[in-house]
Each structure stands twice: as C-alpha cells, then as structure tokens.
Amino acid sequence: MKSKVFITGAGSGFGKIAALGLAERGHTVIASAETGPQVQSLRQEAAEKNIQIEVQKLDLLNPIDLKKAIENDIDVLFNCAGICEAGPVAEQPVDLIRRMFEVNVFHHLELTQGFARKMVEKKKGKIIFMSSMSGLVSFPLAGAYCATKHALEAIAEAMKDELAPFGIKVLTINPGPYKTGFNESGVDSIYQWYDPKKNFTPQKSIKELKASLEKQFDPKDILDIVVEVVESDKHSFRSIWPAKLKKDVIKSQQEAWEAVI
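Quick notes on the rules
- Residues numbered from 1 in each chain as written.
- Predicted model: local features only at pLDDT ≥ 70, side-chain atom pairs only at ≥ 80, totals over all residues.
- Heavy atoms only, no water.
- Buried < 20%, exposed > 50% of the residue type's maximum accessible area, 1.4 Å probe, protein only.
- Helix = DSSP H or I, 4+ residues; strand = E, 2+ residues; numbered from the N terminus.
- Pairing = 2+ DSSP bridges.
- Right-handed = clockwise from strand over helix to strand, strands pointing away.
- Core = buried A, V, L, I, M, F, W, Y, C linked by side-chain atoms within 4.5 Å.
- Contact = heavy atoms within 4.5 Å.
- Salt bridge = Lys/Arg side-chain N within 4 Å of Asp/Glu carboxyl O.

Burial runs high along strand β6 (residues 168-175): 7 of the 8 residues are buried. Where strand β5 (residues 125-130) meets β6, 6 bridges bridge the pair, whose relative direction is parallel. Counterpart to I128 in the pairing with β6 is L171. Once the chain exits β5 it traverses helix α5 (residues 143-163) before rejoining the sheet at β6, and the crossover so formed is right-handed.

Structure (structure tokens):
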C-alpha cells in the first residue's frame, strides 16, 4: 500500500535520497527543505528525473513554517533534518550545543506533536526518526551531537508505547557513517571557534577525527532501510544500518558498562 509521506531535511543527504526514492516507488511525498534555494533545487532535480514530488519550505526554527507544515494530512512522518556541530564537549561553545538541540530535538518534537494529534484522531499513522549510531553510543569530539541523538532515542522509545494504543507506530533508523558531506561539515565547524593557542584540546585529535571520515558508506544504501520501514506493516523499533554494525554498537555499549575509571 502506498503512503503519503512528509519528510524533513529533504534538501540534501538522507532526506533527499528518501524523498526521491519513495516518490519513484509511487508514494505521495511532501519533501520539505530548509531554504528557498534548496526547495527550487529539489524541484528541478525531481522534474529532470520525471519524479512527481511536492516540495515545501520548512525551516524548523521558523514558527510560521512549522505551523504551515502541520497542516498537511499525511500517513507517515519522516523526521530527517538535523545539524552537526562537532567538538570537545568540555570546550565547545554552549550556544552551538543549544542550537543543535533546538533543531535536532525540540523543534522536531514540536512538529511531531502536531502530526501525532492528527494521527490519533485517525487512529493510524507512522512516525520515523532518523537517529544515528550516535544515539546509542558516544564518541570523542562528537559528544554534544551524540547527546541530541540520545535524546531522540528516549523520546522515540517513550512515544512508541504512548501512541501504540492509538494505532500509531514509532520507530528509528540508526545509520552509521555515510558519505553525504554531513559528517565532514560537522568536523569543519570546529574551526569556526577552535584556536590551538587558546584551547587545550590537541589539534592532532581533530585531524585524526577528520581522517577517520575517509572510510564511509555509500549513502544510496540508506534507501533500502527507508523503503523497508515505510512499506512494512511490522518492523523492528530500531534499525541500525548497515545491519552489520549492530554487533559493534552492542560491543561499545557493553564496554561502557564495564569501563573502569
């Protein structure tokens, strides 16, 4: 059965891949992008590929955009937008951390609450959070970003049980490192405030983090799990992707339990 899907963050990365891929499979897709140029670019790309898709502007920090988005009547909400500001938590400017929480958590929650109320009235619906492996484990120089994804995990897990009696399914997708440019821009953002002469975090650590991004997965692979969770009537609450990373995540969680300081 085909669904009407609203996607945030469709101007780039996973959101764009999901929007174009689901539309190509016959789903009715309302793809939202943060800026006007992103909206126009996505419309043009869809037209060039002869894919039917509706594109709307949605800056999650704009209350007018947020209110307008919730007016849509949908079957599936796919929360895919997000920002990443990497850096050592002990030194990272709190304003940057606060902004990440606003975008990744609070305003997505506000959007989700609006759609959840409408889904409750219909007694059906599906809410998907694009979380991350970082929502289950934490990494040096990315702790604040991981914290926003940990928060999403907690929200999704509670919402899963709260909305189940109303026929609404809630689940997460937890991708590993994919080469969309998202991780690279997150690391680059450190240099907006970091000064090796003033900050105690060694510059070597940042360079090592950037070097680690050379090994990432092909982002096109994410469409497989997106299609699976959108189209399946029954599915796991949490999907680590690629699935082979599940053992690594469980191992990291176990090591955290056993860590001695």
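So, next bit.
This part takes up the nonpolar core. Counting 64 residues, the largest nonpolar core has F6, I7, I53, F78, L111 and I127 as the members making the most contacts within it. Broken down by element, the residue count for this core peaks at 8 residues, all from helix α4 (residues 94-122). Once you skip the residues sitting within four places of it in the chain, I127 turns out to touch L77, N79, T112, A116, M119, M159, L163, I168, K169, V170 and L171.

Moving on, we get to the pairing of strand β1 (residues 4-7). In the sheet, β1 pairs with strand β2 (residues 28-33) via 4 bridges, with the strands oriented parallel. Bridge pairing in β2 places K4 opposite T28. Regarding the hand of the β-α-β motif, the stretch spanning β1, helix α1 (residues 13-24) and β2 is right-handed. Of the pairings in the sheet, the one linking β1 to strand β4 (residues 76-79) comprises 3 bridges and is parallel in character. Looking at β4, one finds that I7 is bridged to F78.

One pass over the structure, following the stated rule, counts 13 salt bridges. A salt bridge links E45 to K16, with the nearest nitrogen and oxygen atoms 3.1 Å apart. Placement of the pair is E45 in helix α2 (residues 36-48) and K16 in helix α1, with a sequence separation of 29 residues. Residue class for E45 comes out buried when judged on its relative accessible area of 18%.

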